[in-house]
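This is what each chain is made of:
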Amino acid sequence: MALPRAEVLFGDSPEAPALSKAEVSERFDELMKSVDTAPTRTLGPGDVVQAFTEGRGISFEQQPTTAYGALTKTLSSPDLVKGLSPESLASITGALDELKAQQPDLVKDITTSSPVAGGLVAFDLEAPAKMLTPRPTPLRNRIPRRKGIGLSHRFKVISGFTGTGTGGVGNIHPGIQDTTQNNFAPAGASNSLYYARGPKISYAGYDKTVAYSQFSVSDQVTWSAQYAGQGYQDIRQLSRTSLMYSSMLLEERMLLMGRGTSGNGFLGALAAPTGLTLTARSAAGGETALTGVSTNIYVKVTADAGDFGQSVLTAAANVAPSTQVVDVTVNLPAGATGMRVYVSTGSSDPGDSARFYAGRTGTNTFTLQGALPTSGVAASTVTGDTSAYASGYDGILPICTGPDSGYVNRLNAAFSTSNPGVEYQNAFVSLYTSVKADPDRILQNGADRKQLSDALKVSSSSNYRMTITQDQLTGVTIGDVVNTIINEVTGKGVAVEVHPWMPQGSSVVLSDSLPIPDSEVSDVWSVFNVQDLMGIDWPVNQFAFESSSYWFGTLLCYAPAWNGAVTGIKAA
């Protein structure tokens, strides 16, 4: 059915004269104005049910949004007006107006910040907590783990015999004639036993004993933490998982850079650096001249042992710079991963309590520049050596930089850009010359691997080829990375890997196996544990749940001479 015309909708009786267009427009505007000014209200199911329950119609009047508005509307209710005398009603209204002036919250709307600062709102809290905790353990995952017994692991080594050129055993010429005689009679024999035979070969060897050590870390969850966390996260489960990963990560760092004490047959504590000198010079490109220094600078350093500690402090050295930089130079002891520098200023030495940690370097030189530290870790906290532990063993870095290593070179410089990788080629040559080693991999710090890759890019373009791949029309992949170095002695590809916890400035050249078929060494590196990693939940004897980890073992290197290290890599 068609809708009636506007003249009919807004006109009078059918007999009345037809309205003009102006009259129809005016009456339409009056209708829309009435619609716009009509009371509005958003109703929910509860409002409808409540109205029907109370036997009343639904009110579309605007509802009050403040406490004052609600009270004022209540006082205007017909039932309340009938029950109160005019005097009582006036008294209540006056008191309400006075209260309104004294309590501004009565006239505030309910918002996200009122009447409670935090708002009457729910929290959109996502459970559980996010574990942004890196936990790579590549050495622990790769090195074989074997069963140990007792208090130490022992093995015997034949390090050389005549003809091997190893173990300090010299060579002999095997040529003989029919008349050649050699006496093999035991010492003190009454008769000499001479036979026509070649000379007797010689042997070299040694015993090796590696002590086991115990290790453990612990955690505690209070009852209040566990029970208050219900509905959000299992705190005990979080504690146990974190404890397990913490144990594995700490073992990983020990496998890399742990040091045992000399009393247990290990390398022992690092000596302090020697030959500390300070040299003031003009700032070079990229350097910032010292600021805030008007008198002397006093410096002490320690030999860095990685994540677990440092040597004792050196004696202080001083210099009086102007607006310059100062080079701190030392002679580092064998096995140090670099040095840590502590600095103070003053007309006289203010002492270790006012001498603060300025940073570390993987080389023998550290440059003081910019604003010197005036707070932080003080040199006075270095009260003794923390580089070696009685409950500890030698890790890969100490072994590869120790006296039994096959090759150690401290560069105190950046990688060569004229002949990229030459530092490792020199190591390959030396290791092959000494014991015919053929290494398997190189472990580096991430920044040092990038420097090696960059050195390749800026070297002579005639020696290397890089291919830039293009994806259809727009996508171009740039950059390159060194993942293998070809051993120019043996022709073998040596993998280049980044270890997440390797200190900047240090790298190791490792052999996983020996190029000797019947060496009786299946793996150059092995972990022997009397008890491998386990977890312990302690009896509850207080308002807390307590847990510990425990393992009992050591790291072995059967053939340290087949490994080496390139250290002192200057940061790019």
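I will try to describe carefully the structure that is included in this document. (Residues numbered from 1 in each chain as written. Predicted model: local features only at pLDDT ≥ 70, side-chain atom pairs only at ≥ 80, totals over all residues. Heavy atoms only, no water.)

### Examining the sheet that holds strand S9 (residues 296–304)
(1) Moving on: In space, the 4 strands of this open sheet follow the order S10-S9-S12-S13, with antiparallel pairing throughout. Lying at the two open borders of the sheet, with one neighbouring strand each, are strand S10 (317–319) and strand S13 (356–361). On average, each strand axis in the sheet is tilted by 30° relative to the strand beside it, whichever way the strands run.
(2) Moving on: Taken together, the 9 bridges between S9 and strand S12 (residues 338–346) define a ladder with antiparallel strand orientation. Pairing of Tyr298 across the sheet is with Ser344, part of S12. (Pairing = 2+ DSSP bridges. Helix = DSSP H or I, 4+ residues; strand = E, 2+ residues; numbered from the N terminus. Axes fitted to C-alpha atoms, helices over the stretch in contact; angles between N-to-C directions.)

### A closer look at the side chain of Arg449
(1) Moving on: Inspection of the secondary structure assignment puts Arg449 in helix H12 (residues 446–458).
(2) Moving on: Non-local contacts of Arg449, meaning those with residues more than four positions away in its chain, are made with Gln444, Val481, Val482, Asn483, Val496 and Val498. (Contact = heavy atoms within 4.5 Å.)

### Considerations on empty space enclosed by the protein
(1) Moving on: Scanning all chains against the criterion turns up 1 cavity of 30 Å³ or more.
(2) Moving on: Its boundaries defined by the atoms lining it, the largest cavity holds a volume of some 60 Å³.
(3) Moving on: In this structure, the largest cavity is lined by Met257, Arg259, Ala305, Gly335, Ala336, Thr337, Leu397, Pro398, Thr401, Ser506 and Thr567.
(4) Moving on: Residue contributions to the lining of the largest cavity peak at 3 residues, all from helix H10 (residues 396–401).
(5) Moving on: Considering only residue class, the lining of the largest cavity consists of 5 nonpolar, 5 polar and 1 charged. (1 Å grid on protein atoms, 1.4 Å probe; cavity = no way out; pocket = protein on both sides within 12 Å on 5 of 7 lines; lining within 4 Å. Points joined across faces, edges and corners; volume = space filled by probe spheres on them. Nonpolar A, V, L, I, M, F, W, Y, C, P; charged D, E, K, R; others polar.)

### Here's the deal with the state of the cysteines
(1) Moving on: In the structure shown here, the tally under the stated rule is 0 disulfides.
(2) Moving on: Unpaired in terms of disulfides, Cys400 finds its nearest cysteine sulfur in Cys557, a separation of 6.7 Å.
(3) Moving on: A relative accessible area of 11% means that Cys557 is categorised as buried. (Disulfide = S-S within 2.5 Å. Buried < 20%, exposed > 50% of the residue type's maximum accessible area, 1.4 Å probe, protein only.)

### A short note on the sheet that holds strand S15 (residues 407–413)
Two modes of strand pairing occur in sheets, parallel and antiparallel, and in both the strands are linked by backbone hydrogen bonds.
(1) Moving on: Pairing in this open sheet of 6 strands is mixed, and the strands run S15-S24-S21-S16-S20-S19 from one edge to the other. Edge positions in the sheet fall to S15 and strand S19 (484–486), since each has one partner strand and no second. Between one strand axis and the next, the sheet turns by 20° as a mean value, whatever way the strands run.
(2) Moving on: The pairing of S15 with strand S24 (residues 564–569) spans 5 bridges and is parallel. Across the sheet, residue Asn409 finds its bridge partner in S24, namely Val566.
(3) Moving on: Sheet strands in contact with helix H11 (residues 422–435) are S15, strand S16 (441–444), S19, strand S20 (493–498), strand S21 (506–510) and S24, and its direction is about 160° off that of S15.
(4) Moving on: Strand contacts of H12: S16, S19, S20, S21 and S24, with the helix running at about 115° to S16, the strand carrying the most contacts.

### Observations regarding helix H9 (residues 235–257)
(1) Moving on: Here H9 contains 23 residues, and its C-alpha end-to-end distance of 32 Å stays within 8% of the 33 Å for a straight helix at 1.5 Å per residue.
(2) Moving on: Of the positions making up H9, those classed as buried are Ile235, Ser239, Leu243, Ser247, Met248, Leu249, Glu251, Glu252, Met254, Leu255, Leu256 and Met257.
(3) Moving on: Where H9 begins, the side chain of Asp234 points an oxygen toward the backbone nitrogen of Arg236, at a separation of 3.2 Å. (Expected span 1.5 Å × (residues − 1). Polar contact = N/O pair within 3.5 Å; in protein donor to acceptor, adjacent residues only side chain to side chain.)

### Notes on a negative patch on the surface
(1) Moving on: Residues Glu23, Glu26, Asp29 and Glu30 make up a contiguous surface patch of negative charge.
(2) Moving on: Topologically, Glu26 is positioned in helix H2 (residues 21–36). (Patch = residues over 30% accessible without salt bridge, like charges linked within 9 Å, V, L, I, M, F, W, Y side chains within 5 Å. Areas by Shrake-Rupley, 256 points an atom, 1.4 Å probe, with all protein chains shown as cover. Salt bridge = Lys/Arg side-chain N within 4 Å of Asp/Glu carboxyl O. Lys, Arg positive; Asp, Glu negative; His and termini not counted. Charge placed at Lys NZ, Arg CZ, Asp CG, Glu CD.)

### Some words on unusual backbone geometry
(1) Moving on: Looking along the chain, the bond that leaves Ala127 and enters Pro128 is cis, with omega of -5°.
(2) Moving on: Positive phi is not limited to glycine here, since Glu520 has a value of about 65°.
(3) Moving on: Inspection of the secondary structure assignment puts Glu520 in the loop between S21 and strand S22 (525–537).

### Some points on the nonpolar core
One recurring pattern in soluble globular proteins: nonpolar side chains tend to sit buried together.
(1) Moving on: Ile396, Tyr424, Ile442, Ile485, Val508, Trp525 and Leu555 are the most contacted members of the largest nonpolar core, which totals 57 residues.
(2) Moving on: Ignoring anything within four residues of it in the chain, the contact list for Ile396 reads Leu139, Ile143, Leu255, Leu256, Val508, Leu510, Trp525 and Leu555.
(3) Moving on: Among the nonpolar cores identified, the runner-up in size contains 23 residues, and Ile297, Val328, Val330 and Leu372 belong to it. (Core = buried A, V, L, I, M, F, W, Y, C linked by side-chain atoms within 4.5 Å.)

### Details of the side chain of Ser526
(1) Moving on: With respect to the helices, strands and loops of the structure, Ser526 is situated in strand S22.
(2) Moving on: Here the side chain of Ser526 touches Arg146 through a polar contact of 2.5 Å, side chain to side chain.
(3) Moving on: Apart from residues no more than four positions distant in its own chain, Ser526 is found in contact with Ile143, Pro144, Arg146, Thr554, Leu555, Leu556 and Tyr558.

### Some words on the layout of surface pockets
One water molecule sets the probe size; rolling that probe over the atoms shows where empty space is left.
(1) Moving on: As a volume, the largest pocket reaches approximately 1,200 Å³.
(2) Moving on: Residue lining of the largest pocket: 43 residues in total, with Val157, Tyr206, Tyr558, Ala559 and Trp562 positioned closest to the centre.
(3) Moving on: Of all the secondary-structure elements, those providing two or more residues to the lining of the largest pocket are strand S2 (152–161), strand S5 (203–211), H10, H11 and strand S23 (544–557).
(4) Moving on: With 7 residues, S2 is the single largest residue contributor to the lining of the largest pocket.
(5) Moving on: Broken down by class, the residue content of the lining of the largest pocket amounts to 24 nonpolar, 12 polar and 7 charged.

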